[in-house]
Each structure stands twice: as structure tokens, then as C-alpha cells.
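The chain contents come next:
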Amino acid sequence: MDKLIIEGAKPLKGTVTISGAKNSCLPILAATLLTDDKCVIKNVPSLGDVFTMLKIMRALGIDTAMKDGVITVKPTTRRNFTAPYELVSTMRASVCVLGPLLAKMKRAEVSFPGGCVIGPRPIDLHLKGIKSLGARLDVKEGYIVAESKRLRGNHVYLGGHFGSSVLATANVMMAATLARGRTVIENAACEPEIVDLAHFLKKMGAKIENIATHRIEIEGVKSLKGVTHHVIPDRIETGTFIIASGITRGDITIKNARPDHLNCVIDKLRESGLSIDTSKNTIKVKYKKPLRPMDITTLPYPGFPTDLQAQMMSLMAVTEGISVVTEKIYPERFIHISELNRMGVDIKLEGPTAIVKGMKKRPSGARVMASDLRASAALVLAGLVAKGKTEISRIYHLDRGYEKIEKKLVSLGAKIWREHE
Ligand code: EPZ
């Protein structure tokens, strides 16, 4: 296992280029299961989660090749419908093969995804949606077994306790593209990654209306064709670099970004005093004066993304005054707090709300452990500003979702390197 070592305290300066969005690539790869043709996906980041998805595709009888950020996907005559436990259990996003597999193959056997360190992540909405399209569903030996000769369009309400669901929307939308008749998804997610997926499906020949709203409508078609698609930039990686510039009092230019996907984050940080200039695909972030404490509540898009909550907490830790974080998507997504506390940061948890007593002095470098992807990013950010050395172990979490993170940080002047534990 690798670990990251960071020697903190240098302001980041320079230009960084954002990679393609992991959370777009994964459902888009699943969507290629809907066709018998070849698809080409561009701007794909080289990441652990993408490699896991490619393994699942191969297990389903699809040939895949990846080179220089381009994935070519080609179905073989050996197609099958079982997504195995060994792979699905390592990545929850793999459950989004259920809808396309069922729609195309008439049967899907997908291992039930397991628990998750960021809290409970049920899949009841996925199952409700797929069932309402007329599929017979059963759970056998840990697998969801779904069958249907041809799915039927229906009116589906996909809201849960915590609002819309990103991947349940993806699953039902993909299944509905080949269903007979019209499907309406109420309380659909409208995250940019869902919009990207809908654009991909439309290129394939799907009939989808009201994209980017909470009421998506899909008129089923008989078949879909292979296409080429360029994935959108990763808004969570972008947000992480914006915060990196703020936390290190830096001055960085972020290229290949979509500032319009981060309105809420940019607004919060500007309110706090960070200078952020945006143009179509570029964001310039400059620390000019001490930041003011912040108050954020995570919500479905266009609200503040839960995937940037941990990183914001690291910034709050070095922003003098009391900041508050309320987590409304995953109320237990706070494992990073105990690790940040080890670095001398004062954070208290009261239910789904964290109270951060930001300090003027820098956190102190320490040995910490990454617990999940975004928590790992928060530790890297804290390490960048900490006094002394920070050692982050179990960074395979980080490699699941941030492409070449230490290379990108080094190019901005950070002192960070990888060692084998
Ligand atoms: C997606 O997960 C992302 N993953 C997550 O990113 C992200 O944190 C999450 O959306 C929220 O934005 C991918 O896109 C691959 P949800 P997803 O269903 O779709 C509850 C990262 O770090 N819920 O929108 O699985 C759920 O428990 C990852 O990149 C149900 O109750 O999340 C949560 O409280 C982590 N029943 C809320 O809905 C269901 O059937 C939103 O979750 C499904 C979800």
C-alpha cells in the first residue's frame, strides 16, 4: 500500500488542468451496454473506479481498451448479464449497470452492493424505479435478479429521505430508453453528471426531454446506436483545487473547468473573501485577505455538493472563527473529523452538524489515515498547510477518484510525494 507524505506551508501557484468527471464516466460506461455498436468515450480519467468499471464490462462480455484518456467499448458475442460480487462489492457505483443490462439483455444479475464508510447507502429507489417499469425483481444469494421481456414506461417518483438520487435516476433513465412507451421520472436528480449521461443517451438515439430538471421524460425506442462522447470536467476535482488555492493562500488558474457547475461553491467562497474570477472554462483563484468563517449545508444539485464537504472543513479549520457544516445527504459522512482532530483542528460533531473552531495557527502535521475518497482529499488539503510533515496512509481511496493528484500539486509548487508503506 502507498502513502503520501506532505511538507506543508507553501502557497500553490501556477496552472492546473482538470480531468474528466469520474461520476460521469461510470454511468456513461454502463450506458454503452444499451447498444450492440462500438462506443468511444473521451476525456476519461485514469482512476481506480474507472478500472473497476472496465473489469465489470469485461465480465459482461464487452471488449474495452483504454489509451490516453480514450476508452473504446465494443460488445462481443459472449455477452452475459451477471455483474459479480467480487467487483460490485468494491464500488457501489457499479449498481448502475442494472438498468441498462436489464433493458438490453432482458435479465440482469447484479450483486447487492455492500455497506459504505460514508454511512448507509441503500438502493431502494433504484429497485423501486426498475420495478415500476415492469421488471420482476428478486434477491437470490446476495444478487438482485431482474427480468423483463420488455420494460414498460411508467410514472416514477424517485425522491427519498434525502431528496433525489443521482444513480437511481441514471439507472431508471437508462432502463427507460429501451422501454415500451413513455416514462416520467419525478424528483429526478439534475446533477451535471446526469445531464452528461442524458446527452450521451440522446446521441445514441434515446428520446429524452426536460434534461437538467427534476421531471425527466423518456419515450422508449427499439434500439440505440454507438456514439463518440467527450466527458465533462470533474466539478469535484475542480472544487478541490479551488479550496487548495484558498487554504494555501495561493494563486492558481484552473483550466478545462466548468465554473457553471460550481455556482454554489464559488458563491460561498467569494462570500468568505476568496477572489475567484471565472470565464467559460477557466477559474482563477487568488487569496487576497483573511477569509471569513463559512456556513454550508450539503444538498442535491444545485446545492452545495456533499463530495466537497470534507475539503471545505479543512479550509474552515484555518479560517479564524466558527464555521458550521450541516450534512443533509449522508448524515454520517464525518469520519475525516477524527483524523483532522489529530492534526490539532478543533471540530465537534452534533448530529449531522459539525462545528469548526477555525484557528489562526496552522494545523500540525501528523500521521493520519484516509477513510474514503473525499475524506482523503480533505487530509491532503490540511497537509498542504500544516506545520511539519503529514503522512497519509491508505491512499488507494484517493487513487479511486483523483487523477495524478500529487503530480498536479507538485506542478503548483507543493511538496508532496508517494512512498510505499
Ligand atoms: C452519487 O452517489 C455519487 N457517486 C456520490 O459520489 C455522491 O456523493 C452522491 O451521488 C451524492 O451527490 C456517483 O455518482 C458514482 P445518491 P449515489 O443516490 O447516486 C439516499 C464520490 O465521492 N438514497 O444521490 O449513490 C442516499 O443514501 C461519491 O465520488 C436512498 O435513500 O448517491 C443518500 O442519502 C461518493 N435510496 C441520498 O439518497 C436509494 O436507493 C443521495 O444519494 C439511493 C439513495
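Above this text you will find the structure in question.
Residues numbered from 1 in each chain as written. Predicted model: local features only at pLDDT ≥ 70, side-chain atom pairs only at ≥ 80, totals over all residues. Heavy atoms only, no water.

Trainee: Mind showing me how you'd approach the overall build of the protein here?
Mentor: Per the secondary structure count, the protein includes 14 helices and 24 strands. With respect to the three principal axes, the spread of C-alpha positions in the protein is 65 × 45 × 40 Å. With 421 residues in all, the protein has 59% of them scored as buried. Roughly 16,800 Å² of accessible area belongs to the protein as shown, and the carbon and sulfur atoms make up 51% of that amount. The average position of the 63 basic charges and that of the 42 acidic charges among the side chains of the protein differ by 3 Å. (Helix = DSSP H or I, 4+ residues; strand = E, 2+ residues; numbered from the N terminus. Buried < 20%, exposed > 50% of the residue type's maximum accessible area, 1.4 Å probe, protein only. Areas by Shrake-Rupley, 256 points an atom, 1.4 Å probe, with all protein chains shown as cover. Lys, Arg positive; Asp, Glu negative; His and termini not counted. Charge placed at Lys NZ, Arg CZ, Asp CG, Glu CD.)

Trainee: Got a minute to help me understand the nonpolar core in this structure?
Mentor: Nonpolar side chains tend toward joint burial in soluble globular proteins. Within the largest apolar cluster, 77 residues are counted, with the highest numbers of intra-cluster contacts made by Val97, Met173 and Leu201. At eight residues, the largest contribution of residues to this core is made by helix α6 (residues 166–177). Methionine 173 has contacts with Ile185, Ile194, Leu197, Ala198, Leu201, Ile208, Ile216 and Ile218, leaving out every residue within four places of it along the chain. Ala317, Phe334, Val345 and Ala377 belong to the second-largest nonpolar core, a separate cluster that totals 65 residues. (Core = buried A, V, L, I, M, F, W, Y, C linked by side-chain atoms within 4.5 Å. Contact = heavy atoms within 4.5 Å.)

Trainee: Help me understand the sheet that holds strand β10 (residues 155–157), please; the structure alone is not making it clear to me.
Mentor: The four strands are arranged β10-β11-β13-β12 in an open sheet whose pairing can be described as mixed. Among the strands making up the open sheet, the edge pair consists of β10 and β12 (207–209). On average, each strand axis in the sheet is tilted by 15° relative to the strand beside it, whichever way the strands run. Relative to strand β11 (residues 182–186), β10 runs parallel, the two being bridged by three bridges. The residue of β11 that forms the bridge with valine 156 is isoleucine 185. (Pairing = 2+ DSSP bridges. Axes fitted to C-alpha atoms, helices over the stretch in contact; angles between N-to-C directions.)

Trainee: Looking at this model, I keep getting lost on the site of the ligand. Mind explaining?
Mentor: Among the 23 residues in the neighbourhood of the ligand, the closest are listed as Asp124, Leu125, Ser165, Asp307 and Ile329. Residue asparagine 23 places a side-chain N or O atom 3.1 Å away from an oxygen atom belonging to the ligand. Measuring from an oxygen atom of the ligand, one finds a backbone N or O atom of valine 166 at 2.7 Å. Contact with the protein chains covers 91% of the free accessible surface of the ligand, which is 820 Å². (Near = heavy atom within 4 Å. Polar contact = N/O pair within 3.5 Å; in protein donor to acceptor, adjacent residues only side chain to side chain.)

Trainee: Just checking my understanding: could you explain the side chain of serine 24 for this structure?
Mentor: Mapped onto the secondary structure, serine 24 falls in helix α1 (residues 22–31). Accessibility expressed as a relative area gives 0% for serine 24, which makes it buried. With sequence-adjacent residues up to four places away left out, serine 24 is seen in contact with Glu193, Asp196, Val231 and Ile232.

Trainee: Help me understand the pattern of salt bridges, please; the structure alone is not making it clear to me.
Mentor: Within the structure shown, the criterion is met by 25 salt bridges. Arginine 258 is paired through a salt bridge with aspartate 260; the nearest N and O atoms lie 2.8 Å apart. Owing to a relative accessible area of 35%, aspartate 260 belongs among the partly exposed residues under this scheme. Salt bridges sharing partners connect three or more residues here, namely Arg182, Glu186, Glu209, Arg215, Glu217 and Glu219. (Salt bridge = Lys/Arg side-chain N within 4 Å of Asp/Glu carboxyl O.)

Trainee: Even after reading the chapter, I still don't get helix α9 (residues 263–272), so can you show me in this structure?
Mentor: Think of an α-helix as 3.6 residues a turn; residues three or four steps apart then line up on the same face. Listing the buried residues of α9 in full gives Val265, Ile266, Leu269 and Ser272. Looking straight down α9, one finds that the buried residues subtend no more than 125° of arc, so they occupy a single side. Contacts made by the buried residues of α9 are with α8 (235–247), β16 (275–278), β17 (283–286) and α10 (309–317). Following α9 by one or two positions, glycine 273 has its phi on the positive side, about 115°. (Arc of directions from axis to C-beta.)

Trainee: Explain the pairing of strand β15 (residues 251–255) to me, please; I cannot follow it from the model alone.
Mentor: Each regular strand displays side chains that alternate between the two surfaces of the sheet. Judged from the five bridges that link them, strand β2 (residues 13–17) and β15 form a sheet pairing that is parallel. Opposite valine 16, over in β15, you have isoleucine 254 as the bridge partner. Direction of pairing for β15 relative to β17: antiparallel, over a ladder of four bridges. Note on β17: the bridge partner recorded for threonine 253 is lysine 284.

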